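One letter stands for each residue in the lines below.
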Number of protein chains: 2
Amino acid sequence: MRALNYGTLLILALSLCAGEGNAQSGYGLWLGVKPASGERSASYKKQLSALLFPVTNEMDSIAKQELLSALNGLIGHTPKQVDAIQEEGTILIGTPSTLPHLAREAVAAHLPLMGTEGYGIYSITVLEKPATVILANTTNGILYGTYAFIGLLQRNEDISSLAITSQPKVELRLLNHWDNLDRTVERGYAGFSLWDWHRLPGYRDPRYTDYARANASIGINGTVLNNVNANALMLTTAYLEKAAALADVFRPYGIRVYLSARFSAPVELGGLENADPLNPAVQRWWADKVAEIYGHIPDFGGFLVKANSEGQPGPQNYGRSHADGANLLADVLKPHGGVVMWRAFVYEDTEPEDRAKQAYNEFKPLGGTFRDNVIIQVKNGPIDFQPREPFHPLFGAMPRSQLMTEFQITQEYLGFATHLVYLGTLFSETLQADTYADGPGSTVARIVDGSLNGQAITAIAGVANTGTAINWTGHPFAQANWYAYGRLAWDPDLDAAGIAEEWLRLTFGNDASFINALLPIMMRSRETTVNYMTPLGLHHLMGWDHHFGPGPWIRDKPRADWTSVYYHNASKDGIGFDRTATGSNALSQYSSEVRALFENPQTCPDEYLLWFHHLPWDFRMKSDETLWEALCRHYYNGVEEVAAMQTVWEAQRGKVNDTIFREVTDLLAMQHKEAKLWRDACVLYFQQFSDMPIPEGLEPPEHPLEYYEQLKFHFVPGI
Amino acid sequence: MRALNYGTLLILALSLCAGEGNAQSGYGLWLGVKPASGERSASYKKQLSALLFPVTNEMDSIAKQELLSALNGLIGHTPKQVDAIQEEGTILIGTPSTLPHLAREAVAAHLPLMGTEGYGIYSITVLEKPATVILANTTNGILYGTYAFIGLLQRNEDISSLAITSQPKVELRLLNHWDNLDRTVERGYAGFSLWDWHRLPGYRDPRYTDYARANASIGINGTVLNNVNANALMLTTAYLEKAAALADVFRPYGIRVYLSARFSAPVELGGLENADPLNPAVQRWWADKVAEIYGHIPDFGGFLVKANSEGQPGPQNYGRSHADGANLLADVLKPHGGVVMWRAFVYEDTEPEDRAKQAYNEFKPLGGTFRDNVIIQVKNGPIDFQPREPFHPLFGAMPRSQLMTEFQITQEYLGFATHLVYLGTLFSETLQADTYADGPGSTVARIVDGSLNGQAITAIAGVANTGTAINWTGHPFAQANWYAYGRLAWDPDLDAAGIAEEWLRLTFGNDASFINALLPIMMRSRETTVNYMTPLGLHHLMGWDHHFGPGPWIRDKPRADWTSVYYHNASKDGIGFDRTATGSNALSQYSSEVRALFENPQTCPDEYLLWFHHLPWDFRMKSDETLWEALCRHYYNGVEEVAAMQTVWEAQRGKVNDTIFREVTDLLAMQHKEAKLWRDACVLYFQQFSDMPIPEGLEPPEHPLEYYEQLKFHFVPGI
């Protein structure tokens, strides 16, 4: 017994190392395993004394290893592996075809609710012995179910009466990597691209496996490897072989590879005269190319396309529509089972009346004209991933076409990887927004999950925040955004707070005082950032080009809608973008219920006030402040809230490892400094027009406006 | 006792995780700690039962923590911490002022041999009790001594009768980072720059500490943060604050920060009309700038300068000499204690007669004219870090000036981070080369360590191979080159095989069968690469620009000396660069003894044959083969040797962790493929001129020459 103890602990030692990666560094993400609390450890040992897990393929084998490794870490013990139920506390894992008859019978009724990727976890009694069963129709379901079960154990949950059935509400749950072939990442703030293209396909960096594992653990089942601003080289044989090597690593984790396709590739690679989607030579070129791709990657997922947007080539170059372009690719992918995700992030090359209206204007008329393997990929809001935007008006406007939403996990406009901003709330805000497209309850989530319009294919995309940083995301708390995205992709109706708590516990352990301190910070953090960056519906105030720091003064650029003044419209007479009928009337793109809520500045929620309205500085807010006072208060509150976060964090010393404690301390200090920079620059800038004093009691900005305007930032990452 | 076991093992578990970082990934480098073998573990426990280590500063504290953490890992036990010798097996660590009188007395005689950074480790008897003492004159010595002692333990050495005194033979032991401010690394193959400039100074990435720790463990005491092709922005206040944050992290590890200075900074940053070193305004600007730097970094090391080389600005732009330029900076650094490392890697902007002669031609006449805080930084060979070069003729040619050598740890010309090439042998080959400058035994090592010419300041530089890769160096075995460089910087006369064995044992453990299998591979690996790339003294045959793969056909570029044909001179009449009196007479730059060895093709070692001689294809080699046959044999042997490495590695399955086993397997397969590419391309290319068949029994190349010539490689890293 003593000898066993020794061996057990050695296994524990190794398991901690192997399982957590560099535990101090955050490399292990939310998959770290710590010894279970004494009481739980004892019950888990009893409840998990034997394992019946018939392994039929590599994916099964991964699931089994994950469970064994997690149990080692949790209870310093691996269950006896058995072929039949012999004792109390057996855990049975399998599909209907691999599980013992009696166990299967006990829970088979749930199978129809599991689909092709879902799973069930049940406490049952077989032959009068309590047991736990993880059941699924497929191996993929087994893998997801195992990760879910491990999560329960990591969170030290009671597993004595489990009855969980879960299947993803969205079929294609994707990360979009804006990774260039030179390994820079457009809008990447966690280092550089994970893909070492030069050494692919020969060298399979072990990190690829760890990436796949992390994604699988939260249900992500697809990844677009390259930037939507795509290089045609990605479609050459040499690069397809590289992509295929990644696909081979990802496959046993249930992750399919997709590629961003450059629309003009037939010209650039094929030497054709044009890339006109109606040109038969172009159609042939794509058919051949797609066949080649499937030769390399038999389960290739399909294409993501950014066309006729921000200088990218597209069908409009040849007088064709987005539907012509998307359908061209859809037709050649169809025989292989691939899909086209066609981005709706478009706006005119010439200066538009209101950029917020463009996507709707271009796409709505095309409703119903896309092939059944095309999905229109729509950003959460109508501009561009701003700290807050109302939901995109295309949601609900194209019931006869398939829509998906695109979130940005990387924090392009939310403080890069420097600011602690939990995005679960942002994602949920969009998903739970009611379009009223088919009456109340027509949420964006119900469009994304296909239930509102009976979509055949459902999908969701998140622009990844991963990079070469040891901790993957640059900020330890930015890992939560990857996690939250995955969880909401699985079920868009999950609660953002519940996800945050899950993540906290998986990442930092189950210390209630720590969770209770950090959860409110995470839940508030996005609003905090909105406050010090773009409160009250303001948007697009950031620095030019690199998007770092405040730039409300940005004007006189090649395009008006790439400036800040275009969006805030500040002048002596007021501030805000009039999108009502007296202005651009972008509001007309929403349903009448939404319109009614937003069009009256008296009823419009403060959060969207200056998004939809241009209002005088002395406009009387619901709070009875003037608009100017409210604006100042939000900016100042934002900074104060960061200071409050610092105070709370300081009190956690000793509750997290020293490395991460110091990292977050550093980052919060930077966030505070940058929040002040935003506040002071914006308040001073707008004060020129309001001509009103900063309310009493608020500290005056440190420098005059000119100081902020002349600041230069070099080599800002993410361009 | 049983309870203790339990606690002990838990500590072991945590120590393994914290100490090794991600043990699977290689993040922990050579600093990983595995449990000592049973016998050793028992004796270590006895010999290290108590620790007397008076901590007086942060550096001491680091040394102490390192020792405690290592002992946890090794013997699952931390020694009792004591104030006085009470029992057998005390380890005493300190300086003369902190150690107990009796212990100090026992070993004080060695102190004069330790200098300011050396240390001694001795087995002594105090009060009739056996003890171990680590003694040094300074805290830096304590840190180095502690790392050396931990190394002994990691290698499970007998520590019962230690009598080690060691001090570095070279004072400034530097890494040169060719890191750009956008985080790309010129000639970096392990990802991107470790320095996250954007988030400095606020965010101190924990990796900076791990970097400092790794360097300190092998005695590196300085780091030049930015590329020698320098951006003047590095000298702006904003970037100096960032550099200062790094210096703060590195300082307690005994590492000083240096910067590459752009010579034209007074124009670019100061708005001056010129950067003429004799212009008093320029002198003032530099004096002010240096004073500012020392305000930020009180122990700033000094400047590294690449001037008038490959387009960089320098004193020659104003008709001044390298000495004028170097002395300008030396004068302003002098009051602060800083040095100037002035690179001798220069060649004329116009097409030269022989690039190999340029540095000598420009610098030798300046001998004796440099200030006493200037060191001329000379690459190991006269061209540019080729797989093999003879030693640089400047070594021995400037006895009245201070010289240092620059090695390239990053494998620009040796297969990037893809090829397993141990560079300890390359470094040693240069260091042990005899210049005969002051008679036999006038080795490069004796110039570098200052003993030949009585140099006041001694220094050595290695161009770093570190990057954002989890394992730091891209190839697990490339870690050995960082390690070997550090060890040879400490003592240029160390044996390359001894260093390799040390590294193998520290990194992979003490399994003799593994060491015995891998040591010969490491020792042979550089010769193997020379064989498949540039045998028999050939050089500069690589691909254009990115330097990837073979490019013997490179011609017709803006400068002849940036082509391959310039160097190999292959034609119907033969191959090679005639550097004897009938050719460029570069040989005249060497001492008569060296000249005598090299100038006669019959005595010239095969390794340098075509470096110094242009010879007919049927030239009869010492082996009695024709030159053509020998050339083919070397190319083919190179590839076969890689295949042999693969076989040996395959037999190590199970002796290293699975992750690293698979990584090295992948990398060796790539190396084999690339070695074949080199062989086939070069043999076919040269065959055009030799008009002779590939010797019988050798497999013919897979493709015709045209195939190799048309290969295009995109986005090759390291430019």
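Residues numbered from 1 in each chain as written. Chains lettered and ligands numbered in written order. Predicted model: local features only at pLDDT ≥ 70, side-chain atom pairs only at ≥ 80, totals over all residues. Heavy atoms only, no water.

Digging into the pattern of salt bridges
The line we're drawing: Think of a salt bridge as a Lys or Arg side-chain nitrogen and an Asp or Glu carboxyl oxygen that are within 4 Å of each other. Here the term buried applies to any residue with accessible area under 20% of the maximum for its type, exposed to any over 50%, and partly exposed to those in between, with areas from a 1.4 Å probe on protein chains only.
Tallied over the entire structure, the rule returns 75 salt bridges over all chains. Ionic pairing is found between R262 of chain A and E268 of chain A, a salt bridge with its closest N-O pair at 2.9 Å. On the basis of relative accessible area, E268 of chain A is assigned to the partly exposed category, the value being 41%. Ionic pairing is found between E641 of chain B and R524 of chain B, a salt bridge with its closest N-O pair at 2.9 Å.

Points about helix α21 (residues 658-690) of chain A
Put simply, the test is: Only DSSP runs of H or I with at least four residues qualify as helices, and only runs of E with at least two residues qualify as strands; both kinds are numbered from the N terminus onward. Between the first and last residue of a helix there are one fewer steps than residues, each counted as 1.5 Å, and that sum is the expected span.
The end-to-end C-alpha distance of α21 of chain A is 47 Å, a good match for the 48 Å that 33 residues give at a rise of 1.5 Å each. Trailing α21 of chain A by a residue or two, D691 of chain A shows a phi angle of about 60°, which is positive.

Quick look at the UniProt feature "domain: Glycosyl hydrolase family 67 C-terminal" (unreviewed entry) in chain A
For clarity, the cut-off: UniProt positions are given in the numbering used here, feature names are shortened, and annotations may be inferred rather than shown by experiment.
Sequence positions flagged by UniProt for "domain: Glycosyl hydrolase family 67 C-terminal" (unreviewed entry) are, in local numbering, residues 473-697 of chain A. Along residues 473-697 of chain A, the helical share is 53% and the strand share 0%, with 38 Å between the first and last C-alpha atoms.

Considerations on empty space enclosed by the protein
Stated precisely, the cut-off is as follows: Think of a 1 Å grid over the protein atoms and nothing else: a 1.4 Å probe that fits but is trapped marks a cavity, an open set flanked by protein within 12 Å on at least five of seven lines marks a pocket, and residues with an atom within 4 Å of a point count as lining. Grid points are joined across faces, edges and corners, and a volume is the space filled by probe spheres set on the points. Polar here means any residue other than Ala, Val, Leu, Ile, Met, Phe, Trp, Tyr, Cys and Pro, which are nonpolar, and Asp, Glu, Lys and Arg, which are charged; Gly is therefore polar.
Counted by the stated rule, this structure contains 15 cavities of 30 Å³ or more. Approximately 240 Å³ is the volume attributed to the largest cavity. Taken together, 23 residues line the largest cavity, and the ones lying closest to its centre are D205 and R207 of chain A together with A469, I470 and N471 of chain B. For the lining of the largest cavity, the elements supplying multiple residues, two or more each, are α6 (206-217) of chain A together with α21 (658-690) of chain B. With three residues, the single largest contributor to the lining of the largest cavity is α6 of chain A. Of the residues contributing to the lining of the largest cavity, the split by class is eight nonpolar, eight polar and seven charged.

Quick look at unusual backbone geometry
A cis amide bond, omega 0°, links L200 of chain A with the succeeding residue P201 of chain A. Among the secondary structure elements, P201 of chain A is positioned in the loop between β7 (172-176) and α6. Positive phi, close to 50°, is recorded for F715 of chain A, a residue that is not glycine. Position of F715 of chain A relative to the elements: it lies in the segment after α22 (705-710). For F715 of chain A, a relative accessible area of 35% translates into the label partly exposed. The phi dihedral of D624 of chain B falls on the positive side, at around 75°, and the residue is not glycine. Relative to the helices and strands, D624 of chain B resides in the loop between α19 (609-612) and α20 (627-650).

Structural notes on the state of the cysteines
Residue and element names in this part refer to chain A. Basically, it comes down to this: In this description, the term disulfide denotes a pair of cysteine sulfurs within 2.5 Å.
Taken as a whole and assessed by the stated rule, the structure comprises zero disulfides over all chains. We note that C604 lacks a disulfide partner, and the nearest cysteine sulfur, in C632, lies 20 Å from it. Not engaged in a disulfide, the cysteine C632 finds its nearest cysteine sulfur in C682; these two sulfurs lie 11 Å apart. The exposure class of C632 is buried, given its relative accessible area of 0%.

Concerning the sheet that holds strand β5 (residues 129-135) of chain B
Residue and element names in this part refer to chain B. Selection rule: When DSSP finds two or more bridges between a pair of strands, those strands are recorded as paired. Contact criterion: two residues are considered in contact whenever any of their non-hydrogen atoms come within 4.5 Å of each other. The convention used is that axes are lines fitted to C-alpha atoms, helices contributing only their stretch in contact, and that angles between N-to-C directions extend from 0 to 180 degrees.
Taken together, the six strands give an open sheet; going across it, the order is β2-β1-β3-β5-β4-β6, and neighbouring strands pair in mixed fashion. The sheet terminates laterally at β2 (80-81) and β6 (163-166), the two strands that pair on one side only. As paired elements, strand β3 (residues 90-94) and β5 share five bridges and run parallel to each other. Looking across to β5, one finds that I91 is bridged to T132. Relative to the sheet, helix α3 (residues 58-75) contacts β1 (50-52), β2 and β3, its axis offset from that of β1 by approximately 170°.

Overview of the confidence of the model for chain A
All names here are of chain A. The line we're drawing: Residue-level confidence of the predictor, termed pLDDT, takes values from 0 up to 100.
Put simply, chain A has an average pLDDT of 95, and 97% of its residues get 70 or more. A low-confidence stretch, residues 1-22 (pLDDT under 50), is modelled with 43 contacts involving residues beyond four sequence positions or located in other chains. Both scores are available for the predicted complex, with the pTM at 0.96 and the ipTM at 0.95.

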